[in-house]
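Per-entry structural report
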Amino acid sequence: MSTETLDIAKANLPVRGFLKVDDLLIPQGEELVQAILDLKKEKNAVILAHYYQPPAIQDIADFLGDSLQLARQARDTDADMIAFCGVHFMAEAAKILNPTKKVVLPDTQAGCSLADGCSGEGLRKMREQHPDALIATYINCNAETKAESDIIVTSSNAETIIKSLPADRPIIFAPDKNLGRFLSKKTGRDMILWDGSCIVHEAFSMERIAQQLAEHPDAKLIAHPESESAVLDLAHFVGSTSALLNFVEKDDSQKFIIATEEGILHEMKKRAPHKELIPALVFDDTCNCSECFYMKRNTMEKLYLCMKYELPEIIIEEELRLKALKPIEEMLELSKTIK
Ligand code: 13P
Ligand code: SF4
C-alpha cells in the first residue's frame, strides 16, 4: 500500500468557506506587530482598545480608553475599519454609533457577565411592573437591552446622568446592582435594581483587602464601582477606569491598592512609574479572578487575523440599531463636559 502525504497548501482544494492553510501562518513577535501596523495602513483602520486588554494590544492601539471615551472615538473616527479590542458590547456600541464603518472584534466570545445576564425582554417586563419608571442602563449590555432603555450610562458619567433625571420619576437601574447601589447612595435616588453583577469585581474580598490596608497603612484603596458595597465603603476613591488612572497619577500618595481588573496596571505603571501599585486580593488565591476572562480572549494573533480577513464583523439590523442609538445619543449629549 503506497502512502502519500497530502500537501494541503498546494492541493487545488475548493476554498469557498475555508481559509487556505498558507493564509493562517501568523507572524510572531516584532513581525506580528509590523504586520498589524501594515494592515492598519492598507485598510485605513483604527485600533481602539480598553484598559483591560492584554498589554501588547494596549501598546499597539491608536486609542486606549474607558467605555465612554471609546464610544466617542468610534463615533468620531473617519477610518474605514474599526478594530475594536474590548468586549462585544463595546464593539456593538461602536457599530451603533458609526454604522457605515466596518467594525471587527478579534474574538466574538469576548462577552461580559453583566451583558449576558440582562435581556431586552427582561427590561420590558420590569417596565410593565413599574410603568412610571425611567430605565437607566449601564452600557455593559447588548443592543436589545439598550433599545428598551430610556438612557444609557457608563461608569464615568452615571452619577451626572442619574442626578439629571426628573426627581418625580422612579428609576429602574440595570444590569449592575453594585453600580446601582453605589449610585443610589451617591445621588439619594431610590432605584429598582436589576440583579446582575460583574464576575471580576465581585471576586474581591473585603476581608483580605482590609488586611492589605492594615499591612500598608500608607496605601489608598481605589475601586471600580462594579465592586461590592463592602469594598466600595472601604475605598478612598471610587471611579471609572479612566478616573482611577487619573487619581493614581495626580494624588499625593505613593502607594495604592487597586480593586479593578489587573490589565489597568499596565497603563497605571506608565503614568505613575515611581508609585507602588498593589492589586487588591480576591477571595481565592487559586484563580486568576481579577483578570477578565472575556477581555483576555483577544490576542495579538486574533487582532491580526480579524484585520486581515475583516472578520468577525459586527452586524446589526437597522431598526434595532436606531432604537439602541437613541439612549446612547442622549447619554453622549448629557455627558459632553465629562472627559
Ligand atoms: P469603564 O467604562 O470604567 O472602563 O468600565 C468598563 C468595564 O467593563 C469595567 O468592568
Ligand atoms: Fe464585563 Fe466585568 Fe469583564 Fe468589565 S470586567 S467586561 S463588567 S465581565
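What you are looking at is a predicted structure, and each value in this text was computed from that prediction instead of being measured. (Residues numbered from 1 in each chain as written. Chains lettered and ligands numbered in written order. Predicted model: local features only at pLDDT ≥ 70, side-chain atom pairs only at ≥ 80, totals over all residues. Heavy atoms only, no water.)

1. Some details on the side chain of glutamate 226
Inspection of the secondary structure puts glutamate 226 in the loop between β9 (220-223) and α11 (229-234). Summary of buried charges: glutamate 226 has no salt-bridge partner, and the nearest side chain of opposite charge, lysine 146, is 12 Å away. Only 2.5 Å separates the side chain of glutamate 226 from the side chain of tyrosine 138, close enough to count as a polar contact. Those residues in contact with glutamate 226 that lie beyond four places of it in its chain are Leu114, Tyr138, Asn140, Asp176, Asn178, Cys198 and His201. (Helix = DSSP H or I, 4+ residues; strand = E, 2+ residues; numbered from the N terminus. Buried < 20%, exposed > 50% of the residue type's maximum accessible area, 1.4 Å probe, protein only. Lys, Arg positive; Asp, Glu negative; His and termini not counted. Salt bridge = Lys/Arg side-chain N within 4 Å of Asp/Glu carboxyl O. Polar contact = N/O pair within 3.5 Å; in protein donor to acceptor, adjacent residues only side chain to side chain. Contact = heavy atoms within 4.5 Å.)

2. Examining the layout of surface pockets
When its volume is computed, the largest pocket comes out at roughly 200 Å³. In terms of lining residues, the largest pocket is bounded by 16 residues, among which Ser155, Ser156, Glu159, Val238 and Gly239 are the most central. Looking at the lining of the largest pocket, the elements that each hand over two or more residues are α8 (158-164), α9 (177-187) and β10 (237-238). For the lining of the largest pocket, the per-class residue count stands at nine nonpolar, five polar and two charged. (1 Å grid on protein atoms, 1.4 Å probe; cavity = no way out; pocket = protein on both sides within 12 Å on 5 of 7 lines; lining within 4 Å. Points joined across faces, edges and corners; volume = space filled by probe spheres on them. Nonpolar A, V, L, I, M, F, W, Y, C, P; charged D, E, K, R; others polar.)

3. With respect to the environment of leucine 303
You can see leucine 303 is positioned in helix α14 (residues 300-309). Judged by relative accessible area, leucine 303 falls into the buried class, the value being 0%. Separated by 218 residues in the primary sequence, leucine 303 and cysteine 85 place their C-alpha atoms 7.8 Å from one another. The residues touching leucine 303, leaving out its near neighbours within four places in the chain, are Ile36, Ile47, Ile60, Ala83, Cys85 and Pro106.

4. Considerations on the site of ligand 1
The environment of ligand 1 is made up of His50, Tyr52, Asp66, Ser67, Tyr138, Asn140, Ser155, His201, His224, Glu226, Ser240 and Thr241. One of the side-chain nitrogen or oxygen atoms of threonine 241 is found 2.5 Å away from an oxygen atom of ligand 1. If ligand 1 stood free it would expose 310 Å²; the protein chains cover 96% of that surface. In a pocket analysis with a 2 Å cut-off to the grid points, ligand 1 is assigned to the largest cavity. Here the residues of the shell around ligand 1 sort into two nonpolar, eight polar and two charged. (Near = heavy atom within 4 Å. Areas by Shrake-Rupley, 256 points an atom, 1.4 Å probe, with all protein chains shown as cover. Sits in = over half its atoms within 2 Å of the grid points.)

5. Digging into the site of ligand 2
Neighbouring ligand 2 are the residues Tyr52, Val87, Cys112, Ser113, Leu114, Asn140, Cys198, Val200, Glu226, Cys292, Tyr294 and Met295. If you map ligand 2 onto the pockets, it falls in the largest cavity. The class makeup of the residues in the shell around ligand 2 is nine nonpolar, two polar and one charged.

6. Some words on the sheet that holds strand β7 (residues 171-174)
Taken in spatial order, the four strands line up as β6-β5-β7-β8 in an open sheet, and their pairing is parallel. The outermost strands of the open sheet, each flanked by one partner alone, are β6 (151-153) and β8 (191-193). In this sheet, adjacent strand axes meet at a mean angle of 30° when their direction is disregarded. As defined by bridge partners, strand β5 (residues 134-138) adjoins β6 across three bridges and the pair is classed as parallel. (Pairing = 2+ DSSP bridges. Axes fitted to C-alpha atoms, helices over the stretch in contact; angles between N-to-C directions.)

7. Notes on the sheet that holds strand β1 (residues 45-50)
With parallel pairing, four strands are arranged side by side in an open sheet as β2-β1-β3-β4. Each edge of the open sheet carries a strand with a single partner, namely β2 (63-65) and β4 (102-104). Within this sheet the neighbouring strands show an average axis-to-axis angle of 20°, counted without direction. Summarising the sheet, strand β3 (residues 81-85) and β4 pair through three bridges and their orientation is parallel. The partner of alanine 83 across the bridge, within β4, is valine 104. Strands in contact with α14 are β1, β3 and β4; relative to β3, the strand with the most contacts, it is inclined by about 160°.

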